[in-house]
Amino acid sequence: MLSARELRPGQVHKAPIVAVESWGVLVDLGSGMGGDAANSSSSSSSSSGSVTNGGTKALVTTIHLADTMVSDVKKRFRVGAKVNCRILTVERGGKRVHATMKKSLVADATPPILSYGELMEKRPEEEQRSKKRKQKAGGGAAGEETATAGEQDGSSGVLRAAKGFVTKITAAGLVVTFFNNVHGLVNSRTLLEQGVDDINEAYHVGMVVDCRVLRCTPPPVAAAAAAGNKASPKA
């Protein structure tokens, strides 16, 4: 049985559903490999993931039940069914846990982005690579080269590539969230340059997008990204 202290964002678990409500479902991470979900459901009907007598529970909200929106949660899911889920956040020492059941996030083999710090650590590496390429392209004159983009992760100027999900759509662009409450902004200008004329038509809250993180501004409170279209979204 898992303890709350062992839970980490990005972990994948197979766990039983212990409560099904209009706001989503609760899964029992503490007894996911053999607990009696039906018997523990009475102590788990809470609208937030928590630690109860039945083990550690994680909340899966409606936008994270599947890759497509679920119109009738109680019709789609049942108490006792075991599902694959992935931990999104662990807060207050494991007393509040959120997870996703989106297959595109659960089955994704790409290492998830878990902190702004890991993005900041990539910046010096990419800056050194870019500087060397500039010097090579300009014959070694460091102050006279034409700027060239980096090629980390197979794309120019990319710090990291990972999947995220849309959490807000505004006039400024898309707010994309990764694991552990790491957020990135895909500005509307970038989307327009990539052929997205109507953001609200092309994207919706909860939609999973493939992301390319271009920069993380110090202090590490935001990651900037670029996104593509619905068929092949990139950020």
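Criteria and cut-off values
- Residues numbered from 1 in each chain as written.
- Predicted model: local features only at pLDDT ≥ 70, side-chain atom pairs only at ≥ 80, totals over all residues.
- Heavy atoms only, no water.
- Helix = DSSP H or I, 4+ residues; strand = E, 2+ residues; numbered from the N terminus.
- Buried < 20%, exposed > 50% of the residue type's maximum accessible area, 1.4 Å probe, protein only.
- Contact = heavy atoms within 4.5 Å.
- Pairing = 2+ DSSP bridges.
- Core = buried A, V, L, I, M, F, W, Y, C linked by side-chain atoms within 4.5 Å.
- Salt bridge = Lys/Arg side-chain N within 4 Å of Asp/Glu carboxyl O.
- pLDDT = per-residue confidence, 0-100.

(A) Structural view of the overall build of the protein. The number of helices and strands found in the protein is six helices and eleven strands. In the protein, buried positions account for 44% of the 235 residues. Counting only contacts in the protein whose residues sit at least 6 apart along the sequence, the fraction spanning at least 24 positions is 63%.

(B) Seen up close, the pairing of strand 1 (residues 12–21). With seven of ten residues buried, strand 1 is to be regarded as a mostly interior element. Taken together, the five bridges between strand 1 and strand 5 (residues 82–91) define a ladder with antiparallel strand orientation. Across the sheet, residue V12 finds its bridge partner in strand 5, namely R86. Judged from the four bridges that link them, strand 1 and strand 2 (residues 24–28) form a sheet pairing that is antiparallel. Note that in strand 2 the partner of E21 across the bridge is G24. The loop that links strand 1 with its antiparallel partner strand 2 comprises two residues.

(C) Structural view of the environment of L191. Looking at the element boundaries, L191 is found in helix 5 (residues 188–193). When the C-alpha atoms of L191 and A202 are compared, they prove to be 10.0 Å apart, with eleven residues separating the residues in sequence.

(D) Representation of the side chain of T100 within the structure. Within the secondary structure, T100 is located in strand 6 (residues 96–100). Setting aside anything within four residues of it in sequence, one finds T100 in contact with V60, H64, N84, C85, R86, L88, L105 and V106.

(E) Up close: the nonpolar core. One finds I113, L174, V176, F178, L191, Y203 and V209 to be the most contacted residues of the largest nonpolar core, which totals 22 residues. Those elements giving two or more residues to this core turn out to be helix 4 (116–137), strand 7 (160–170), strand 8 (173–177), helix 6 (199–202) and strand 10 (208–217). For this core, the leading source of residues is strand 10, giving four residues. Setting aside anything within four residues of it in sequence, one finds F178 in contact with I113, A162, K163, G164, F165, G184, C211 and V213. In this structure, V20, V27, L65 and A66 belong to the second largest nonpolar core, which totals 21 residues.

(F) Fine view of the pairing of strand 7. Bridging between strand 7 and strand 10 involves six bridges; their strand directions are antiparallel. By the bridge assignment for strand 10, A162 is matched with C211. Where strand 7 lies against strand 8, five bridges are found, and the strand directions are antiparallel. Bridging from a neighbouring strand, I169 pairs with L174 of strand 8. Between strand 7 and the antiparallel strand that follows it, strand 8, lie two residues.

(G) View of the pattern of salt bridges. Tallied over the entire structure, the rule returns four salt bridges. One salt bridge connects K57 with D28, and the closest N-O pair in it is separated by 3.9 Å. Taken together, the residues span a long stretch of sequence, with K57 in strand 4 (residues 55–61) and D28 in strand 2 at a distance of 29 residues. Assessed through its relative accessible area of 1%, K57 is described here as buried.

(H) Here's a closer look at unusual backbone geometry. In this structure, N180 is a non-glycine residue whose phi angle is positive, near 60°. Tracing the backbone through its elements, the reader meets N180 in the loop between strand 8 and strand 9 (183–187). Of the residues examined, N180 reaches a relative accessible area of 34% and is grouped as partly exposed. The phi dihedral of N181 is positive, around 60°, even though this residue is not glycine. With respect to the secondary-structure elements, N181 resides in the loop between strand 8 and strand 9.

(I) View of the confidence of the model for the protein. Per-residue pLDDT for the protein averages 76, and the proportion of residues at 70 or more is 66%. Considering each helix and strand of the protein separately, the mean pLDDT is smallest for helix 1 (residues 37–40), with a value of 33, and largest for helix 3 (residues 103–106), with 97. Taken as a whole, residues 32–45 scores under 50 in pLDDT and shows 27 contacts with residues more than four places along the chain or in a different chain.

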